[in-house]
Amino acid sequence: MTHVNATRLDNPEGHALVATATRLLTERPDRAAVALRRHTDDPELAQAAMNQATLRAAAYPKFGPDTARMFFTRDGLEQASRAVVAERRADRLAAAGADRVADLCCGIGADAFAMARHGLTVVAVDSDAETADIARANAAALGLSGQVEVRHERAQDTDLTGVDAAFADPARRHAGRRIFDPRMYSPPLPELWRLTEDVDHRVCKVGPGIDHSIIPPDAEAEWVSVDGDVVEAALWRGGVATAPRRASVITGRRVTELTGPGDRQATVGEIGGFLYEPDGAVIRAHLVAELAELVAGRLAHPKIAYLYTDAIHPTPLATGYRIDEVLPFHVKKLRQLVAARRIGRLTVKKRGADVEPDRLRRELKPAGDNEATLIVTRIGERHTALLCERLPS
Ligand SMILES: C[S@@+](CC[C@H](N)C(=O)[O-])C[C@H]1O[C@@H](n2cnc3c(N)ncnc32)[C@H](O)[C@@H]1O
């Protein structure tokens, strides 16, 4: 069966077919494909509609209610920015005074649409013909065609005259494999910087594992987490860059930010009654020292990012624990403690210690009505186990 471009469904008959496929998938998932064939005599169109219905179901967590009107490719959906992150980026660009922006690798359009909704005019380009068709169809479906002009074009060929902001989210996968070296992105990161040299505000999305040593000295590097997972990093240059390093922690719809130079070392000292585990975005941005100041905390080992405090300092930037017991790491003694305390719901965490949390948890044979978190780490050079109670966030 040949591949059908999803935009062949962008007409009243196609919309109705996708709606029927969505309903059938909900009502009788095992028979949906066969049942859909009764609604069209074009088997390729039926397959395309079923494919879209499946992708829309998968897209909901990223796109929310827009999903029902949009078209997707599997790759396009996987690579698309989450709406909450795209909106924040658009908000920052608009606040910096950007007006006309080029989205140089627009994919199915998630970032371009967020920017349009923040009042920017967008030229959105993608080198893949089907992806560009889908972005165009999505702009129309969302009522944004007036603000977003989609072109099937390479970023390298895009005329940036009159543009005051450039955003690029280059492809970081090839043949299903993740690419870590920014020089191998499509387009390569150094090329994107060169292409956008004369633009006032520039933003390039990069992998969260980017090596700090290749971050341009004038750039702001930002790491973003959503509900505890680091989902992306971006480099900002020009007027829109305001701090060398930024961690943006999104919980629900709330954004908490921490900024700093990214080269400071937190103080090292004794442990206290409470432990704070920094959010991954704070750690990746090298802002643990700034967080330590915020919670009046210190490290117990210079290279292990757990902060210890003497009092509770609630913050969305870290998960807090009350330390109930401090003991040397010894599996047999820990098993006795878990049994004595009747701990059935046990979370095991580690940092700076050579243990496998899942395996250790099994070895400790948790049983009983109580709940606890066991954190295995090093205090100075001693392997230490901390039995903790997680604090409400
Ligand atoms: C990570 S995706 C972009 C996702 C998009 N920001 C979104 O949220 O929907 C990268 C896109 O870059 C496109 N691409 C790769 N090389 C390109 C080039 N040289 N010029 C323009 N687009 C390119 C790919 O086709 C892919 O759609």
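All figures in this text were calculated on a predicted structure; none of them were measured in a lab.

(A) Representation of the environment of Glu191 within the structure. Within the element layout of this structure, Glu191 appears in helix α8 (residues 189–195). Looking at Glu191, the relative accessible area reads 21%, which means it is partly exposed. For Glu191 and Ala46, which are 145 residues apart along the polypeptide, the C-alpha to C-alpha distance reads 41 Å.

(B) Broad picture of unusual backbone geometry. In this structure, Pro187 follows Ser186 across a cis peptide bond, with omega equal to -5°. Examined against the element boundaries, Pro187 turns out to sit in the loop between β6 (177–178) and α8. Non-glycine residue His286 carries a positive phi angle of around 60°. Secondary-structure assignment places His286 in the loop between α9 (280–284) and α10 (288–295). We classify His286 as partly exposed; its relative accessible area is 38%. Non-glycine residue Lys365 carries a positive phi angle of around 45°.

(C) Region of the structure containing the site of the ligand. In the neighbourhood of the ligand, 24 residues make up the surrounding shell, with Ser81, Asp126, Ala155, Asp169 and Ser186 lying closest. For the ligand, a nitrogen atom lies 2.9 Å from a polar atom in the side chain of Asp111. Note that a nitrogen atom of the ligand is positioned 2.9 Å from one of the backbone N or O atoms of Ala155. Expressed as a share of its isolated accessible area of 610 Å², the protein-covered part of the ligand is 92%. Counted by class, the shell around the ligand contains 10 nonpolar, eight polar and six charged residues.

(D) Inspection of α10 at higher detail. The buried fraction of α10 amounts to six of the eight residues, a majority that puts the element mostly inside the structure. Taken as a whole, α10 has its buried residues at Val288, Ala289, Glu290, Leu291, Ala292 and Val295. Where α10 is buried, its residues meet β11 (254–260), β12 (274–278), α9, β13 (298–299), β14 (307–309) and β15 (318–328).

(E) Spotlight on helix α6 (residues 110–117). Here α6 lies mainly inside the structure; seven of its eight residues are buried. Looking only at α6, the buried set comprises Ala110, Asp111, Ala112, Phe113, Ala114, Met115 and Ala116. Positive backbone phi, at 90°, marks Gly119, one or two positions downstream of α6.

(F) Local environment of the nonpolar core. In this structure, Phe63, Leu93 and Val148 are the most contacted members of the largest nonpolar core, which totals 54 residues. For this core, the element with the highest residue contribution is helix α3 (residues 43–63), accounting for nine residues. Two domains each put at least three residues into this core: domain 1 (6–61) and domain 2 (77–258). Ignoring anything within four residues of it in the chain, the contact list for Phe63 reads Met70, Phe72, Leu77, Ala80, Ser81, Ile108 and Ala110. Judged by nonpolar contacts, the second largest core, of 45 residues, contains Val163, Ala168, Ala292 and Leu391.

About the thresholds
- Residues numbered from 1 in each chain as written.
- Predicted model: local features only at pLDDT ≥ 70, side-chain atom pairs only at ≥ 80, totals over all residues.
- Heavy atoms only, no water.
- Helix = DSSP H or I, 4+ residues; strand = E, 2+ residues; numbered from the N terminus.
- Buried < 20%, exposed > 50% of the residue type's maximum accessible area, 1.4 Å probe, protein only.
- Near = heavy atom within 4 Å.
- Polar contact = N/O pair within 3.5 Å; in protein donor to acceptor, adjacent residues only side chain to side chain.
- Areas by Shrake-Rupley, 256 points an atom, 1.4 Å probe, with all protein chains shown as cover.
- Nonpolar A, V, L, I, M, F, W, Y, C, P; charged D, E, K, R; others polar.
- Contact = heavy atoms within 4.5 Å.
- Core = buried A, V, L, I, M, F, W, Y, C linked by side-chain atoms within 4.5 Å.
- Domains from an automatic or database assignment.

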